[in-house]
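Below are the chains, spelled out letter by letter.
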Amino acid sequence: MRKTDALVDVVEETALVAPPCPPERRATVRPLPVGIAVAGAAGLAAVLTLTGAGWLDRPAVAAWRTVCLAITVQALPFLLLGTVLSGAINAFVPADLFTRILPRRPALAVPVAGVAGAVLPGCECASVPVANSLIRRGVTPAAAFAFLLSAPAINPIVLTATAVAFPGNPAMVAARLLASLLTAAAMGWLWLWLGREEWLRQTTRHTGHQPGHSRWTEFRLGFRHDFLQAGGFLVLGAMAAATFNVAVPRSVLDAFSGSPWLSVLFLAGLAVLLAVCSEADAFVAASLTGFSPTARLAFMVVGPMVDLKLIALQAGTFGRGFALRFSTATTLVAVVASALIGGALL
């Protein structure tokens with residue numbers, strides 16, 4: 001502890017002596033992956049727009065463009081909502097508000113944050129920038145991750161859509177709520193137990209109220225950074241999901257529907273690849289009538305927590321190493337929770 005305290009003192013002294021970075025430069029720094037993502041998306045759009053009819057008129061290419069555009073347009077409003085909330089939290093919310101609301105013990109803060117996810121009416125695209133902003137405001141990462149996982153899965157819009165997609169089947173709505181909460185809390189506790197701070201790389205951004213800046217300026221800078229950061233990776237994830245939608249034939253889906261365990265694993269993997277927004281995934285699950293109710297539950301529990309666009313967003317926000325570990329562990333926990341809750345209720 002003495003060595004640690006001494007190190008903190010040295011860091012603080014160094015911070016006092018070092019000249020501050022000009023605000024303009026802080027605000028314009030962009031991580032390299034975002035530039036690549038945005039440039040790639042812009043280049044692809046230019047090719048699709050300017051190239052002659054030729055191969056672009058083929059049915060498979062037209063389907064790919066439709067799916068990619070549908071995923072992006074479907075997720076963009078919720079991404080916009082999330083980045084607006086993130087910017088507002090960064091600029092207007094007192095730094096100690098969340099630490100005062102949540103229990104001081106991280107183990108208790110995790111389930112409280114998971115339940116609090118019900119108040120955000122958005123999909124997974126909105127939850128990533130909000131969770132990042134919560135961490136920067138002093139919330140323990142475990143609680144922020146529980147919120148990140150639960151918000152797109154248990155909010156009122158999603159649960160209402162599930163009830164509409166499965167009429168006369170309230171057990172499916174209850175099973176989705178319980179399995180999603182169990183997964184979110186389990187992942188938060190798992191991070192407290194096994195998580196390492198070096199796995200979590202937060203991107204450099206203009207954060208916190210700075211002397212001489214209005215809070216609206218802070219909001220604008222934070223919103224612009226988060227939106228550009230997440231938007232490029234959203235497009236990349238949508239492109240990957242569209243490629244799977246077009247490349248995998250329907251016969252592959254039918255081959256796995258006969259086995260109870262294989263069907264659960266297959267629909268969990270399909271949820272990751274399809275990247276359907278959580279407000280719409282219940283209708284997709286309801287259409288998969290050849291699969292068991294537990295398998296369809298796994299599709300709805302895994303999808304809002306782990307999919308291609310969400311992995312891309314997490315990689316851009318927290319780092320590729322974190323995204324790989326976190327998404328893998330979340331998928332396993334969500335499958336187990338779906339099997340347990342589905343076996344008991346469905």
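Keep in mind that what you see is a predicted model, and the values were worked out from it rather than measured.

Enquirer: Can you walk me through the nonpolar core in this structure?
Expert: Within soluble globular proteins, side chains that are nonpolar generally end up buried alongside one another. The biggest cluster of nonpolar side chains holds 63 residues, and the ones touching the most others in it are Phe145, Leu267, Phe299, Val302 and Phe318. Here the element with the most residues in this core is helix H8 (residues 141–154); it accounts for 11 residues. If we skip the residues at most four places from it in the chain, Val302 touches Ala268, Ala271, Val272, Ala334 and Val335.

Enquirer: Which parts of the structure should I look at to understand the packing of aromatic side chains?
Expert: What characterises a pair of aromatic rings is the spacing of the ring centres plus the angle enclosed by the ring planes. Using the criterion set out here, one finds eight aromatic pairs in the structure. Residues Phe145 and Trp191 carry aromatic rings whose centres are separated by 5.1 Å and whose planes lie at 85 degrees to one another, so their mutual orientation is edge-to-face. One end of the pair, Phe145, is in helix H8; the other, Trp191, is in helix H10 (residues 170–194), and 46 residues separate them in sequence. Like Phe145, the residue Trp191 is buried in the burial classification. Counting every residue linked through ring pairs, the aromatic cluster contains Phe145, Trp191, Phe318, Phe322 and Phe326.

Enquirer: Quick question: what am I supposed to make of helix H17 (residues 320–345) here?
Expert: Because an α-helix completes one turn every 3.6 residues, residues spaced three or four positions apart along the sequence face the same direction. Between its first and last C-alpha, H17 extends 36 Å over 26 residues, near the 38 Å set by a 1.5 Å rise per residue. Inspection of H17 places Phe322, Ala323, Phe326, Ser327, Ala329, Thr330, Ala334, Val335, Ala337, Ser338, Ile341 and Gly342 among the buried residues, and these make up the whole buried set. Buried residues in H17 make contact with H8, H10, helix H13 (260–274), helix H15 (293–302) and helix H16 (308–318).

Enquirer: In this structure, what is going on with H13? I would like to understand it.
Expert: For H13, with 15 residues, the first-to-last C-alpha span of 21 Å sits near the 21 Å given by 1.5 Å per residue. For H13, every residue scored as buried is listed here: Ser263, Val264, Phe266, Leu267, Ala268, Leu270, Ala271, Val272 and Leu274. Just downstream of H13 lies Ala275, where phi reads positive at about 55 degrees.

Cut-offs applied
Every chain's residues receive numbers from 1 upward, in the order its sequence appears when written. Reporting of local features is limited, given that this is a predicted model, to residues whose pLDDT is at least 70; pairs of side-chain atoms are given and counted only at 80 or more, and all residues count toward the totals for whole chains, interfaces and linings. Hydrogens and water are ignored here; the side-chain numbers use all heavy atoms of the structure. By nonpolar core we mean a set of buried residues, namely Ala, Val, Leu, Ile, Met, Phe, Trp, Tyr and Cys, connected to one another through side-chain atoms within 4.5 Å. For every residue, the accessible area obtained with a 1.4 Å probe (protein chains only) is divided by the maximum for its type, and the residue is called buried under 20%, exposed over 50%, and partly exposed between those limits. Helix and strand definitions follow DSSP, with helices as H or I runs of at least four residues and strands as E runs of at least two, each counted in order from the N terminus. Residues are treated as being in contact if the distance between any of their heavy atoms lies within 4.5 Å. Ring geometry is summarised as follows: Phe, Tyr and Trp rings, the Trp one being its six-membered ring, pair when their centres sit within 6.5 Å, and such pairs are stacked at plane angles under 30 degrees, edge-to-face over 60 and tilted between the two. In a helix, the anticipated span is given by 1.5 Å times the number of residues less one.

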